[in-house]
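Survey of secondary and tertiary structure
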Amino acid sequence: LSSFCGKNMSLKIPKKIFFGQRFPLYGTGFRPKVEEIIKLKYYDTVDSCFEFERSVKTDNFGRLHLSEMMISNMISLAKTEKSHDPFILEEFSSTKLEIEVGRISHSVEICSGVGEDIVKEEIREDGIVANVYFPKNGEKFPGILHINGSLNHIQDARAIRLAREGFVVMEIAYNGTGNSNFSA
């Protein structure tokens, strides 16, 4: 964790995480028992900005704590202006999450993890186009067949996150994506 300080305020946030990795946020030096606005801006690898804002009350000592689950939920609720845009994460790319509390802001680099702790295998045969993702540690994991709805591309981000949670994920392209013959 790193500390990022404003005037008597500090936040402890990681500098770099893998996509789907959870982390808490700790802050000190805020005014006691007040509502602080937390703003998240999450950028995908095609520079779409997903935003979410909420207020959180500091404790009696001016401390702020957001659990891993609270941060994860805030990220999940982030929307673009159009609100229906898909989040695009190219498999070997990095993206960023900006967090702002009061006068303090910080960016977290988010890496896909493919090639580091997630393995990706591609299937391109007999008219089937699919990507398979799984944790690198080689254990047996439950499987998920991931079909992307009506989008015309494979959505690596969701499959990578599920693999990080301990699943083998086969993501199948269809409706002509990647020369696939499969249709829903």
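Residues numbered from 1 in each chain as written. Predicted model: local features only at pLDDT ≥ 70, side-chain atom pairs only at ≥ 80, totals over all residues. Heavy atoms only, no water.

Side note on the overall build of the chain
We apply this condition: Helix and strand definitions here come from DSSP, where helices need a minimum of 4 consecutive H or I residues and strands a minimum of 2 consecutive E residues; each element is numbered from the N-terminal end. Residue exposure (1.4 Å probe, protein chains only): buried if accessible area is under 20% of the type maximum, exposed if over 50%, otherwise partly exposed. Note on areas: Shrake-Rupley with a 1.4 Å probe; residue coverage comes only from the protein chains shown.
When helices and strands are counted, the chain shows two helices and 13 strands. Residues counted as buried form 41% of the 184 residues belonging to the chain. For the chain, the accessible surface area stands at approximately 10300 Å², while carbon and sulfur atoms represent 49% of it.

Here we look at the side chain of Glu171
To keep it simple, the criterion reads: Distance and chemistry together define a polar contact, namely a pair of N or O atoms within 3.5 Å, with one atom able to donate a hydrogen and the other to accept it when in protein, and with adjacent residues in sequence counting only for side-chain atoms on both sides.
In this structure, Glu171 sits in strand β13 (residues 168-172). Using a relative accessible area of 0% as the deciding quantity, one classes Glu171 as buried. A distance of 3.5 Å separates a polar atom in the side chain of Glu171 from a polar atom in the side chain of His146.

Quick look at the environment of Glu109
Note the cut-off: Throughout, a residue-residue contact means that at least one pair of heavy atoms, one from each residue, lies within 4.5 Å.
Note on placement: Glu109 falls in strand β9 (residues 104-111). Separated by 14 residues in the primary sequence, Glu109 and Thr95 place their C-alpha atoms 6.0 Å from one another. Contact partners of Glu109, with chain neighbours within four places excluded, come to Lys15, Lys16, Ile17, Ser94 and Thr95.

Considering the nonpolar core
Using the following cut-off: Note on terminology: a nonpolar core comprises buried Ala, Val, Leu, Ile, Met, Phe, Trp, Tyr and Cys residues joined through side-chain atoms within 4.5 Å.
In this structure, Leu25, Ile38, Leu64, Leu66, Leu97 and Ile99 are the most contacted members of the largest nonpolar core, which totals 33 residues. When contributions to this core are tallied by element, the ones reaching two or more residues are β2 (10-13), β5 (35-43), β6 (49-57), β7 (64-66), α1 (68-77), β8 (94-101), β9 and α2 (156-164). Of all the elements, α2 adds the most residues to this core, at four residues. If we ignore the near neighbours within four places in the chain, the residues touching Leu64 are Leu25, Tyr26, Gly27, Phe30, Ile38, Val56, Lys57, Thr58 and Val101.

Regarding α2
What counts here: Relevant arc is that of directions from the helix axis to the C-beta atoms, nothing else.
Residues of α2 that are buried: Asp156, Ala157, Ala159, Ile160, Ala163 and Arg164. Looking down the long axis of α2, one finds its buried residues gathered within 165 degrees of arc, a one-sided arrangement. Buried positions along α2 lie against β3 (16-18), β10 (118-125), β11 (128-135) and β13. Positive backbone phi, approximately 105 degrees, marks Gly166, located one or two places after α2.

Considering the packing of aromatic side chains
For any pair of aromatic rings, the description rests on two quantities: the centre-to-centre distance and the angle between the ring planes. Note the threshold: Stacked, tilted and edge-to-face are the three classes assigned to paired rings of Phe, Tyr and Trp, where Trp is represented by its six-membered ring and a pair needs centres within 6.5 Å; plane angles under 30 degrees give stacked, over 60 edge-to-face, the rest tilted. Sitting over a ring, as applied to charges here, requires NZ of Lys or CZ of Arg to be within 6 Å of the ring centre and within 35 degrees of the ring normal.
Scanning the entire structure with this criterion turns up zero aromatic pairs. Over the ring of Tyr43 we find Lys96, and its NZ or CZ is 5.1 Å from the ring centre.

A short note on unusual backbone geometry
Despite not being glycine, Lys33 shows a phi value in the positive range, around 55 degrees. By secondary structure assignment, the location of Lys33 is in the loop between β4 (25-28) and β5. Judged by its relative accessible area of 53%, Lys33 falls in the exposed class.

A few points about the sheet that holds strand β12 (residues 143-147)
Applied cut-off: In this analysis, strands are considered paired if DSSP registers two or more bridges between them. Fitted lines through C-alpha atoms serve as axes, helices being fitted only where they are in contact, and the angles separating the N-to-C directions of these axes extend from 0 to 180 degrees.
Read across the sheet, four strands follow the order β10-β11-β13-β12 without closing on themselves; strand pairing throughout is mixed. Because the sheet does not close on itself, it has two edges, and the strands there are β10 and β12. Neighbour-to-neighbour, the strand axes of the sheet open up by a mean angle of 20 degrees, direction not taken into account. With four bridges connecting them, β11 and β13 associate as antiparallel partners. Bridging across to β13, Tyr133 finds its partner in Val169. Seen against the sheet, α2 touches β10, β11, β12 and β13 and runs at an angle of roughly 35 degrees to β11.

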